[in-house]
Amino acid sequence: MEFFDPISYAVPFFIILMIVEGVALKLRGIDGYEVKDTFFSLAMGIGSLIAGIALGTSMSYAAHSWIYGYRLIETIPINWWTILICFLLYDLAYYWKHRFGHEYRWFWASHVNHHSSQRYNLSTALRQTWTGTITLTFIFGLPIALLGFQPEMIFFVAAWNLLYQFWIHTELVDRMGPFEWIFNTPSHHRVHHATNPRYLDSNYAGTLIIWDRMFGTFSPEVAEDPPRYGIGKNLETNNLLIVAFHEWIAMVKDLKTARSLRDVLGYMFRTPGWTPDNSRMTTKKAKANWKRKQAVKTAELETLEEQKVQEPAE
């Protein structure tokens, strides 16, 4: 079997579907697209493609090929079921890559670009990083090559995994019943992009939502708390380079204030927002605060209910 890149064939469909989505949103009276925001998403997508061609793909392929030389299984046949197994393994690896992309600043500096839009539409799917190679995110796929799957097969299933995620970046599709018990859906991924405290650090899945259910990071979309999109401090800029590198710039500024090796490592590799004096709000703090407030509200409601039950009937 000769592997190919499905994304290169899908680009015309991306454009067509974005146009269809924009028209559908307009007909519903929803202003889903905005010129500057869409421009940044498309520009980031093109830049990511160029970065991949210039450096990313070759470095990643070289690393996978080197690891493959030490494979544990000498020969894995190429057929539909081995490709399916490879896909499942990669989807699990993607979950952890994505989760690390939120929980550790080194990876977040690269991944934050994808979350910087305050809108949620199909163009957001194309808002990809230029610096994934710098952060070495390809390391998450190396164990699959070590097991004995060919690098070409891994790249093939990775492309399909990324391709699947395009359609889930939309607000046009509501809940999908039993399908969303297993698969990632627009509803699940809206939660992932939301900045509401309820939804933080949730739904890292690529194709299968089962990983989030297994590892305790699943959150359902709640109608009473519609997602709000963006990042902690939203960008107000017309500079594409700021959009692409703003978190790296912020990291360098923090490193200039570091007074010890602990500070240096903390600013680079601890959770985004970490400071030596814990003065900044992190997603974990924000979610913990929200949970405490919810617990207080629940306790107050339960107390009121008990008081009503105890009141004598007139």
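Model, not experiment: these values are computed from the prediction. Throughout this description, residue numbers start from 1 for each chain and increase along the sequence as written. In view of the model being predicted, local features appear only for residues whose pLDDT reaches at least 70, and side-chain atom pairs are presented and counted only at 80 or more, with totals across whole chains, interfaces and linings using the full set of residues. Only hydrogens and water are set aside; all other atoms, that is, all heavy atoms of the structure, feed into the side-chain values.

A. Quick look at the nonpolar core. If you look at the biggest cluster of nonpolar residues, it comprises 21 residues, and the most contacted ones within it are Cys86, Tyr90, Ile144, Phe149, Ile154 and Val157. The helix count covers DSSP runs of H or I at least four residues long, the strand count covers runs of E at least two residues long, and both are numbered beginning at the N terminus. Of all the secondary-structure elements, those providing two or more residues to this core are helix H2 (35–68), helix H3 (80–103), helix H5 (142–147) and helix H6 (151–164). Here this core takes six residues from H3, the largest share from any one element. With sequence-adjacent residues up to four places away left out, Phe149 is seen in contact with Tyr68, Ile76, Thr82, Ile85, Cys86, Leu89, Ile144 and Ile154. We define a nonpolar core as any set of buried Ala, Val, Leu, Ile, Met, Phe, Trp, Tyr and Cys residues linked to one another through side-chain atoms lying within 4.5 Å. For every residue, the accessible area (1.4 Å probe, protein chains only) is compared with the maximum for its type, and the residue is labelled buried under 20%, exposed over 50%, or partly exposed between those bounds. Ala10, Ala125, Leu163 and Phe166 belong to the second largest nonpolar core, which has ten residues in total. In this analysis, two residues are considered to be in contact whenever any of their non-hydrogen atoms come within 4.5 Å of each other.

B. Up close: the environment of Trp274. Mapped onto the elements, Trp274 comes out in the loop between helix H11 (261–269) and helix H12 (283–310). A sequence separation of 183 residues divides Trp274 from Asp91, and the C-alpha atoms of the two residues are 29 Å apart. The residues touching Trp274, leaving out its near neighbours within four places in the chain, are Arg262, Asp263, Gly266, Tyr267, Arg280 and Thr282.

C. Representation of a nonpolar patch on the surface within the structure. A cluster of nonpolar side chains, namely Trp66, Tyr70, Leu72, Ile73, Leu146 and Leu147, defines an oily patch on the protein surface of about 630 Å² accessible area. Within the element layout of this structure, Leu146 appears in helix H5. Owing to a relative accessible area of 33%, Leu146 belongs among the partly exposed residues under this scheme. Patches here are clusters of residues that have more than 30% relative accessible area and form no salt bridge, with a 9 Å joining cutoff for like charges and a 5 Å cutoff for nonpolar side chains (Val, Leu, Ile, Met, Phe, Trp, Tyr). Shrake-Rupley sampling with a 1.4 Å probe provides the accessible areas, and residues are treated as covered by the protein chains on show and by no other component. Counted as salt bridges are all cases of a side-chain nitrogen of Lys or Arg within 4 Å of a carboxyl oxygen of Asp or Glu.

D. Broad picture of the packing of helix H4 (residues 105–115) against helix H8 (residues 186–193). Relative orientation of the contacting elements H4 and H8 amounts to 120°, with a least axis distance of 11 Å. Relative to H8, the element H4 lies oblique. Seen from above, H4 lies across H8 with left-handed handedness. Judged by residue contacts, His111, His114 and His115 of H4 engage His189, His192 and His193 from H8. Of the residues contributing to the contact of H4 with H8, the split by class is no nonpolar, six polar and no charged. Between N-to-C directions, angles cover 0 to 180 degrees, with each direction set by a line fitted to C-alpha atoms, over the stretch in contact for helices. An angle counts as roughly parallel when it lies under 35 degrees, as roughly antiparallel when it exceeds 145, as roughly perpendicular when it falls between 65 and 115, and as oblique in every other case. Helix crossings get a hand from a simple test, with the near helix turned counterclockwise from the far one by less than a right angle marking a left-handed crossing and a clockwise turn marking a right-handed one. Note on residue categories: nonpolar means Ala, Val, Leu, Ile, Met, Phe, Trp, Tyr, Cys or Pro, charged means Asp, Glu, Lys or Arg, and polar means any other residue, Gly included.

E. The arrangement of unusual backbone geometry in detail. Phi angles above zero are rare outside glycine, and Leu136 is one such case at about 60°. With respect to the secondary-structure elements, Leu136 resides in the loop between H4 and H5.

F. Structural view of helix H1 (residues 6–27). A helix is expected to reach a length of 1.5 Å times the quantity of its residues less one. Counted at 1.5 Å a residue, the expected span for H1 with its 22 residues is 32 Å, and the 31 Å between its end C-alpha atoms agrees. Each element contacted by the buried residues of H1 is listed here: H2 and H6. Where H1 begins, one side-chain oxygen reaches toward the backbone nitrogen of Ile7, 3.1 Å away; that side chain belongs to Asp5. Following H1 by one or two positions, Gly29 adopts a phi angle in the positive range, close to 75°. Pairs of N or O atoms are called polar contacts if they sit within 3.5 Å, as long as, within protein, a hydrogen donor faces a hydrogen acceptor (for residues adjacent in sequence, only side-chain-to-side-chain pairs).

G. Region of the structure containing the pattern of salt bridges. A full pass over the atoms with the stated rule returns twelve salt bridges. Residue Asp31 is joined to Lys26 by a salt bridge in which the shortest nitrogen-to-oxygen separation is 3.9 Å. The class for Lys26 is exposed, based on a relative accessible area of 58%. With a closest N to O distance of 2.8 Å, Glu180 and Arg175 form a salt bridge. We classify Arg175 as partly exposed; its relative accessible area is 39%.

H. View of the packing of H2 against helix H10 (residues 240–256). In the contact formed by H2 and H10, the axes pass within 10 Å of each other and the chain directions differ by 65°. On the basis of the axis angle, H2 is roughly perpendicular to H10. Between H2 and H10 lies a crossing whose hand is right-handed. Contacts from Phe40, Ala43 and Met44 in H2 reach Leu240, Val243 and Ala244 in H10.

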